[in-house]
Amino acid sequence: MPMNTMPKSCHDAGPYSILVLNGPNLAHTGLRQPEIYGSRGLEDIPTLVNQLMGERAREIDLSFYACNSEGALIDRLEQARAMCVRGVAFNAGAYTHTSLALADCIAWIGIPVVEVHISNVFAREEPIRRQSFMGAHVIGMIAGFGLWSYALAVQALHAHICGAGKKLKI
Ligand code: DQA
């Protein structure tokens, strides 16, 4: 199926491939500043997706990648495009606020991306955390719900891919 062709329904399409992508310093979530990022690790995300989505989680084929390097993140997004991944839940960490290169990549690859943050970046002290280079190119942003932000992003991508986003006006 061509990458941008919408399936008739989720059921017809089989499992959707969704990538959960994490940038610098996020692999150690759970250990890193738990007062900000909580004490659960990224390995808990599949459980949270299952809890949030119940049976519908079976319609999703989740894959995960975390790395500290900007170039490797771009490589992984390009690979996702080549593999017809249907959506990306992307926490780019500090690159969110600094990387024009990542924003440029999201702008062209044609995959719906949801920007994810564990913390509420708007409520934090440093003004730069309120700036997002990728914000103009993502379908939406979820921040401030701890690790649940990832599960909420996967749910939003699923609704978007299924076309339910139109009915929900998201
Ligand atoms: C973060 C917020 C960023 O400002 C920060 O640089 C991170 C994590 C979050 O998930 O809350 O590394 O993306």
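For the structure itself, look to the data block above.
Residues numbered from 1 in each chain as written. Predicted model: local features only at pLDDT ≥ 70, side-chain atom pairs only at ≥ 80, totals over all residues.

1. Notes on unusual backbone geometry
Next, step 1: Residues other than glycine seldom take positive phi values, yet Gln-33 does so here, at roughly 30°.
Next, step 2: Relative to the helices and strands, Gln-33 is located in the loop between strand 1 (16-22) and helix 2 (34-37).
Next, step 3: A count of 11 C-beta atoms within 10 Å places Gln-33 in the exposed class.
Next, step 4: Phi angles above zero are rare outside glycine, and Cys-84 is one such case at about 55°.
Next, step 5: Note that Cys-84 resides in the loop between helix 4 (70-82) and strand 3 (87-91).
Next, step 6: Residue class for Cys-84 comes out exposed when judged on the 12 C-beta atoms lying within 10 Å of it. (Helix = DSSP H or I, 4+ residues; strand = E, 2+ residues; numbered from the N terminus. Buried ≥ 20, exposed ≤ 12 C-beta atoms within 10 Å, placed from the backbone.)

2. Overview of the sheet that holds strand 4 (residues 113-117)
Next, step 1: Strand order in this open sheet of 5 strands is 2-1-3-4-5, and the pairing throughout is parallel. Every interior strand has two partners, whereas the edge strands, strand 2 (60-66) and strand 5 (140-143), have only one. On average, adjacent strands in this sheet sit at an angle of 20° to one another, irrespective of strand direction.
Next, step 2: Direction of pairing for strand 1 relative to strand 3: parallel, over a ladder of 5 bridges. Of the residues in strand 3, the one forming a bridge with Asn-22 is Asn-91. (Pairing = 2+ DSSP bridges. Axes fitted to C-alpha atoms, helices over the stretch in contact; angles between N-to-C directions.)

3. Some details on the site of the ligand
Next, step 1: The environment of the ligand is formed by Asn-25, Asn-91, Gly-93, Ala-94, Thr-96, His-117, Ile-118, Ser-119, Val-121 and Arg-129.
Next, step 2: When grouped by side-chain class, the residues that make up the shell around the ligand number 3 nonpolar, 6 polar and 1 charged. (Near = placed C-beta within 6 Å. Nonpolar A, V, L, I, M, F, W, Y, C, P; charged D, E, K, R; others polar.)

4. Here we look at the packing of helix 3 (residues 45-53) against helix 6 (residues 148-162)
Next, step 1: At a minimum axis distance of 9 Å, the contact between helix 3 and helix 6 shows a crossing angle of 55°. If you check the angle between helix 3 and helix 6, you find them oblique. Of the two possible hands of crossing, helix 3 and helix 6 adopt the one that is right-handed. The segment helix 3 lies against helix 6, with Ile-45, Leu-48, Val-49, Leu-52 and Met-53 engaging Trp-148, Tyr-150, Ala-151, Val-154 and Gln-155. (Parallel < 35°, antiparallel > 145°, perpendicular 65-115°, else oblique. Left-handed = near helix turned anticlockwise from the far one by under 90°. Contact = placed C-beta atoms within 7 Å.)

5. Considerations on helix 6
One turn of an α-helix holds 3.6 residues; hence residues three or four places apart share an orientation.
Next, step 1: Over its 15 residues, helix 6 extends 21 Å from the first C-alpha to the last, a length consistent with the 21 Å expected when each residue adds 1.5 Å.
Next, step 2: Those residues of helix 6 that fall on the buried side of the exposure criterion are Trp-148, Ser-149, Tyr-150, Ala-151, Leu-152, Ala-153, Val-154, Gln-155, Ala-156, Leu-157, His-158 and Ile-161.
Next, step 3: Lining the buried residues of helix 6 we find strand 1, helix 3, strand 2, strand 3, strand 4 and strand 5.
Next, step 4: Of the residues trailing helix 6, Gly-163 is marked for its positive phi of about 90°. (Expected span 1.5 Å × (residues − 1).)

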